[in-house]
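Remarks on the overall topology
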Amino acid sequence: MIPLAYYIACSTALFLIGLYCLVMKRNMIRMLMALELMLNAVNLNFVALSSYHVSGMVHPLARVFTILSIGIGGCIIALAFVITIYAYRHYGTLDVRELRRLKH
Amino acid sequence: MFTPILDAMILLTVMTPVMGLISRKSKKVKVVKAYAMLAVIFALMLIPLYYDGVLTGDVILVVHGSSPPIGVSIAVDTFSIFMASISLIIGAVTIAFPVAEIEGGNITGYYTIMLAITSAMIGIVFSGDLFTLFIFWETMCISSYTLVAFRKERWEAIEASYKYLIMSATGSMILLFALSFLYGLAGTLNIAYLSTSLAEGVENPWMSIALLMLIVGFGLQAGMAPFHTWLPDAHMAAPSPVSAILSGVMVKTGIYGFIRVLMLIFASMYGSWHITLAAFAVLTMFIGNFMALLQDDIKRLLAFSTITNIGYILLGVSIGSYRAVAGSLFHVLNHAVLKALLFLCAGAFIYRGRTRSLMELAGIRRTMPITGTVFIIGTIALIGLPPLNFFWSELMIVTAALEAGLPYLSLLMILNVMLSSVYCLRLIQAIALREPTSISRRAKEAPVMMLIPILTLGLLCVLIGAYPVPFQAFAEAAAKVALDPKTYIEAVIPP
């Protein structure tokens, strides 16, 4: 059996990659993909912890959490894409650096 | 299904599009608005009917499916009712305020989402386990992204909403990651069970990581300092009643999360979060105050003032004593009333003047005497002068810091209260004393439908200031329950 620490290291790495993409990438759609990556890291963490919490079986609670959080993630991303489409119509670009008019 | 008030709100929210259809068929736009207002007032009236016991310290527990460590649960105590009453009162007033900015737009959609955000906030404060809290949290966040982007034909709404969405969704993901670690440590997300099983885990490094992530996650929604940048943009771009509900109650759900999680689950780690949170609070105050000095946009200025006040509230939470938390909760109530009032007044100015710039709105009190006067009273309250409501809660936080032996914190807070009077005086000077510009000369008094919510909130403001005892007692009862995990745990875990 693979030790739990490997799973946690993997999900933390995935989460940090998502955070890195979110901070460094300039494309609006890539930023949304980074958000989705972070959500998947969390789901992986939930599932991994659930199967190690009780030895020999899987704790059912985390499955419920994971399914619901996938649903919530879908809602956020759908809304985010709607806003991205409107942003593209207003600004004519997907470069997030162009969305800086409010600062002035 | 859950508990009467939450059931009623969810059902009434789902029914709103039907009413919208009726109002469209009968060509009466007012129907759906009247319906939304009645829905919130109905939910508000359910509080004394069903939660009499809760007001005196009981806890109502509603369980679904299997019993608490596994199943979903709703737990209502005095603290929850305190926050829910604030959400409902501010919700009712902001729904009553006419949204001139979206005239001819999707009115039904607007009221549906306003009801959805109000019911989601009630769901957050009523949930007994952290995952239910998270689901309602996301419902609230998604509703507020939509409300900020509601005037989708304007670039500023879309830009603010995108910025807000990215920041807030990241915060939610960090929160969920922290929840997954808490789940791994305890095998449940029920708040009472987490509280008992993690009470000894002070030495565990995962606890510290989860704590830090929870502070970031809740702090992002509350507008805490390094993560506050979404707040002024979102408040500025949203229609005025939406700014009022965002600033009045939505950022306070972050405070609710802080108090609930820190006092129940991480109470044994007080030493590790107390200084961190105090540092964040002081930073928040200073950033809010200094940025507010530089603004010309009236709504942006008020948004930065919201950040400052979040700093005061967080300072009270970070002190963690009974009087400090009571002061914080009292300030939550006062700030909700006052900031909703100021944003609604600003909405009336913008409706008549068609501009948000303070330079162009100068002297508008002469042509809009009632709104202008109420706005001035609100600004005086914001300075913290004695006969008005802010004075009492700020005094409570400052004296609590002294009592707790942290005089430097109360000194920093007094310094910030003085700093904030600078931009308040600037607001008064601009609105009342300066020579009217051509825009403010052309303005007329706001319509009656706008004046009713403004005057209601203004009266409430003066009432709390003149007779603070019952409101203060309610906040103190809520703080007592929030700080005493024993009753909460006993209600959820059968002995």
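Since the structure is predicted, the reported quantities are computational estimates derived from the model, not experimental observations. (Residues numbered from 1 in each chain as written. Chains lettered and ligands numbered in written order. Predicted model: local features only at pLDDT ≥ 70, side-chain atom pairs only at ≥ 80, totals over all residues. Heavy atoms only, no water.)

1. Comments concerning the pattern of salt bridges
Residues and elements named next belong to chain B.
- Here the structure, examined in full by the defined rule, presents nine salt bridges over all chains.
- A salt bridge links R154 to E156, with the nearest nitrogen and oxygen atoms 3.2 Å apart.
- You can call E156 buried: its relative accessible area is 8%.
- Note that D233 is salt-bridged to K163, the shortest N-O span being 2.7 Å. Note that D233 is positioned in helix α10 (residues 230–237) and K163 in helix α7 (residues 155–186), a separation of 70 residues in sequence.
- Given a relative accessible area of 25%, K163 falls into the partly exposed group. (Salt bridge = Lys/Arg side-chain N within 4 Å of Asp/Glu carboxyl O. Buried < 20%, exposed > 50% of the residue type's maximum accessible area, 1.4 Å probe, protein only. Helix = DSSP H or I, 4+ residues; strand = E, 2+ residues; numbered from the N terminus.)

2. Let's talk about the environment of I319 of chain B
- Within the fold, I319 of chain B resides in helix α13 (residues 298–319).
- Excluding residues that lie within four positions of it along the chain, I319 of chain B makes contacts with Y270, H274, A324, I397, A400, A401, A404, L406 and L409 of chain B. (Contact = heavy atoms within 4.5 Å.)

3. Remarks on the layout of surface pockets
- Of the volumes computed, that of the largest pocket is approximately 680 Å³.
- For the lining of the largest pocket, the secondary structure elements donating two or more residues are α1 (4–24) of chain A together with α7 and α9 (205–222) of chain B.
- Ranked by residues supplied to the lining of the largest pocket, first place goes to α7 of chain B with seven residues.
- For the lining of the largest pocket, a count of residues per class yields 14 nonpolar, two polar and eight charged. (1 Å grid on protein atoms, 1.4 Å probe; cavity = no way out; pocket = protein on both sides within 12 Å on 5 of 7 lines; lining within 4 Å. Points joined across faces, edges and corners; volume = space filled by probe spheres on them. Nonpolar A, V, L, I, M, F, W, Y, C, P; charged D, E, K, R; others polar.)

4. Structural notes on the nonpolar core
All names here are of chain B.
- Membership of the largest hydrophobic core comes to 236 residues, with the highest contact counts inside it found for F126, L130, L182, L189 and F266.
- Looking at this core element by element, the count peaks at 20 residues for α7.
- For L130, the residues in contact, after removing those within four places along its chain, are L179, L182, L189, I191, L194, V261 and I265. (Core = buried A, V, L, I, M, F, W, Y, C linked by side-chain atoms within 4.5 Å.)

5. A closer look at the interface of chain A and chain B
- Taken residue by residue, the interface counts 42 residues in chain A and 42 residues in chain B.
- Across the chain A/chain B interface, buried area totals approximately 3,700 Å², and carbon plus sulfur atoms make up 81% of it.
- Of all residues in chain A, I76, I83 and L102 of chain A give up the largest surface area on contact with chain B, accounting jointly for 19% of the area buried on that side.
- Connecting chain A to chain B are zero salt bridges.
- Only α1, α2 (28–53) and α3 (60–91) of chain A provide two or more residues apiece to the side of chain A that touches chain B.
- Residue contributions to the side of chain A that touches chain B peak at 16 residues, all from α3 of chain A.
- Of the residues in the side of chain A that touches chain B, the class split is 30 nonpolar, nine polar and three charged. (Buried area = accessible area lost by both parts, 1.4 Å probe.)

6. As for a nonpolar patch on the surface
All names here are of chain B.
- Where nonpolar side chains cluster on the molecular surface, the patch consists of L11, M15, V18 and I22 and spans about 360 Å² of accessible area.
- Summarising the element assignment, I22 is placed in helix α1 (residues 4–25).
- Overall, the relative accessible area of 43% leaves I22 in the partly exposed class. (Patch = residues over 30% accessible without salt bridge, like charges linked within 9 Å, V, L, I, M, F, W, Y side chains within 5 Å. Areas by Shrake-Rupley, 256 points an atom, 1.4 Å probe, with all protein chains shown as cover.)

7. Re the environment of F131 of chain B
- Turning to its location among the elements, F131 of chain B is positioned in helix α6 (residues 130–148).
- With relative accessibility at 3%, the residue F131 of chain B sits in the buried group.
- C-alpha of F131 of chain B to C-alpha of T188 of chain B: the two residues are 57 residues apart in sequence and 9.7 Å apart in space.
- If sequence neighbours within four positions are ignored, F131 of chain B has contacts with F65, L68 and S69 of chain A together with L176 and L189 of chain B.

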